[in-house]
Amino acid sequence: MTAFDTFSLSALPRRFLLASATALALLGNTAFAADKLPVTASFSILGDLVRVVGGERVAVTTLVGPNEDAHVFEAKPSDAKTLLASKLVVLNGLGFEPWAGKLVKSSGYQGESVVAAKGVKARHMAEEKGHAGHAHEETDPHAWQNPNNVTLYVRNIAAGLAKVDAAGAASYQANAEAYVKELQALDAWAKAQIASIPADKRKVITSHDAFGYFAAQYGVKFLAPQGVNTEAEPSAKQVAQLIKQIQREKIRAVFVENMSNPKLIAQLSKDAGASVGASLYADALSTADQPGATYLQMMRHNVTQLVASMSLN
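In this text, all values refer to a predicted model and were calculated from it rather than measured experimentally. (Residues numbered from 1 in each chain as written. Predicted model: local features only at pLDDT ≥ 70, side-chain atom pairs only at ≥ 80, totals over all residues. Heavy atoms only, no water.)

Visitor: Explain the overall build of the protein chain to me, please; I cannot follow it from the model alone.
Guide: Looking only at helices and strands, the protein chain features 11 helices and eight strands. For the protein chain, the proportion of its 313 residues judged to be buried stands at 49%. The long-range fraction of contacts in the protein chain, counting pairs at least 24 apart against all pairs at least 6 apart in sequence, stands at 67%. In the form shown here, the protein chain has an accessible surface area of approximately 14,600 Å², with 53% of it arising from carbon and sulfur atoms. (Helix = DSSP H or I, 4+ residues; strand = E, 2+ residues; numbered from the N terminus. Buried < 20%, exposed > 50% of the residue type's maximum accessible area, 1.4 Å probe, protein only. Contact = heavy atoms within 4.5 Å. Areas by Shrake-Rupley, 256 points an atom, 1.4 Å probe, with all protein chains shown as cover.)

Visitor: Even after reading the chapter, I still don't get the pattern of salt bridges, so can you show me in this structure?
Guide: Side-chain pairs of opposite charge can arise where the charged atoms are in close proximity. Tallied over the full model, the rule gives six salt bridges. The closest approach of N and O atoms between R57 and D165, which form a salt bridge, is 2.9 Å. Residue R57 is located in the loop between α3 (44-54) and β2 (58-64), and its partner D165 is located in the loop between α6 (147-164) and α7 (169-195); the two are separated by 108 residues in the primary sequence. Its relative accessible area of 13% is what places D165 among the buried residues. The salt bridge partner of E177 is R155, with a shortest N-O separation of 2.9 Å. Of the two residues, E177 sits in helix α7 while R155 sits in helix α6, which places them 22 residues apart along the sequence. The partly exposed category is assigned to E177, whose relative accessible area is 29%. (Salt bridge = Lys/Arg side-chain N within 4 Å of Asp/Glu carboxyl O.)

Visitor: Hey, could you run me through the pairing of β2 in this one?
Guide: The side chains of a regular strand alternate, residue by residue, between the two faces of the sheet. In terms of residue burial, β2 counts as a mostly covered element, since six of its seven residues are buried. As defined by bridge partners, strand β1 (residues 37-43) adjoins β2 across six bridges and the pair is classed as parallel. Residue pairing across strands places P38 opposite A59, the latter belonging to β2. Assessed by its sense of winding, the connection that carries the chain from β1 through α3 to β2 is right-handed. (Pairing = 2+ DSSP bridges. Right-handed = clockwise from strand over helix to strand, strands pointing away.)

Visitor: How should the packing of α7 against helix α11 (residues 295-310) be read in this particular structure?
Guide: The packing of two helices is summarised by the inter-axis angle and the distance between the axes. Two numbers describe how α7 lies on α11: the axes approach to 10 Å, and their chain directions differ by 5 degrees. Of the possible angle classes, the one that applies to α7 and α11 is roughly parallel. Only Y295, L296, M299, R300, V303, T304 and V307 of α11 make contact with α7, whose side of the interface consists of Y179, E182, L183, A185, L186, W189, A190, Q193 and I194. Grouping the amino acids of the contact of α7 with α11 by side-chain chemistry returns 12 nonpolar, two polar and two charged. (Axes fitted to C-alpha atoms, helices over the stretch in contact; angles between N-to-C directions. Parallel < 35°, antiparallel > 145°, perpendicular 65-115°, else oblique. Nonpolar A, V, L, I, M, F, W, Y, C, P; charged D, E, K, R; others polar.)

Visitor: Whenever I open this one, the environment of S196 confuses me. Can you help?
Guide: Here S196 is to be found in the loop between α7 and β7 (203-205). Judged by relative accessible area, S196 falls into the exposed class, the value being 51%.

Visitor: What exactly am I supposed to notice about the confidence of the model for the protein chain here?
Guide: A low pLDDT score tells you not to read the predicted coordinates there in detail. Chain-level statistics for the protein chain give a pLDDT mean of 83 and a share of 77% at 70 or above. Of the regions scoring below 50 in pLDDT, residues 1-31 engages in 36 contacts with residues more than four places distant in sequence or in other chains. Confidence drops under a pLDDT of 50 for residues 128-135, and excluding neighbours within four residues, the segment shows six contacts in the predicted structure. (pLDDT = per-residue confidence, 0-100.)

Visitor: For this particular structure, what's the right way to read the nonpolar core?
Guide: Across soluble globular proteins, you tend to see nonpolar side chains buried next to one another. Membership of the largest hydrophobic core comes to 71 residues, with the highest contact counts inside it found for Y153, F214 and Y295. In this structure, I205, V239, I246 and A274 belong to the second largest nonpolar core, which totals 10 residues. (Core = buried A, V, L, I, M, F, W, Y, C linked by side-chain atoms within 4.5 Å.)

Visitor: Got a minute to help me understand the sheet that holds strand β3 (residues 88-91) in this structure?
Guide: For sheets, the rule is that strands pair by backbone hydrogen bonds, running either parallel or antiparallel. One open sheet accounts for four strands, arranged β2-β1-β3-β4; its pairing is parallel. Two strands in the sheet have a free side with no partner beyond their single neighbour: β2 and β4 (112-115). Sheet twist, expressed as the mean angle between neighbouring strand axes with direction ignored, is 20 degrees. Pairing between β3 and β4: four bridges, direction parallel. Among the inter-strand pairings, V89 is bridged to a residue of β4, identified as S113.

Visitor: Please explain the packing of aromatic side chains as it appears in this structure.
Guide: All chains considered together, the criterion is met by eight aromatic pairs. Between F211 and F214 the ring centres are 6.4 Å apart and the planes differ by 90 degrees, which places this aromatic pair in the edge-to-face class. Considered together, F211 and F214 belong to a single accessibility category, that of buried residues. Through a chain of ring-to-ring contacts, three or more aromatic side chains come together here, namely F211, F214, Y218 and F222. Above the face of the W189 ring, R300 is positioned so that its terminal group lies 4.6 Å from the ring centre. (Phe/Tyr/Trp six-rings, centres within 6.5 Å; stacked < 30°, edge-to-face > 60°. Lys NZ or Arg CZ within 6 Å of the ring centre and 35° of its normal.)

If you want it as structure tokens, here you go:
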């Protein structure tokens, strides 16, 4: 259940929504600087990318902040006000924000939107059998775990920003292309780091299945007791099977994500005799005082921690 199941902005008088938007435009939303293009991103990783591409021309706010889980996000009335003050909304797509459509509709926002993952070759994963006994596939939305996909993200963001701010188009394109070079350097570095680990030792346990794109790009095998959605609860049988696999394959690299409940992975570690490594950043950046405050920092932190733990396998 989300906040909109008990509170619907569409139930408010239209004049109230318009008045709110007008007031925000006149008085200023605290999330936005008055002289900059106001942009809303759905979650922290996208917020960082928008800031990189937008530079000094944009003021960005995110609906789901650092160390927060977008899978279980519940929208608040204040989020609708944020949207109404925006000139552009940036979403991941690929089913990552199932709440976004309802939020945008309920808020009355009618501005431009960008789906950052547009053009990404989506991965799919088999989910557990449902009530009818049939397995089905679910789109993996965590495309940013491959830096090559983020190249598409920043170019899509640049195009979206240029659409609402034509005067800044050249700046947005230049910023995006400069960042693409950083992404290419990140990818080359990550490949070299992981290549130092023998292929048969590249095995990791994480709390939920968010690293499929990373695994495909760098040849690392990730095992997770939860599925693609952090709301999923693994069965006792699944957990027991995973413990046996950890012990059989002598996996020592066990991690929990910064936005996940650590209890399950801690229990797995205890029962399987493995140690829990430093937090990985999967679906959210960290706060500024932690090592995953930007996308580039997040990825370098993750690779460094993974390599260190996989070397113990």
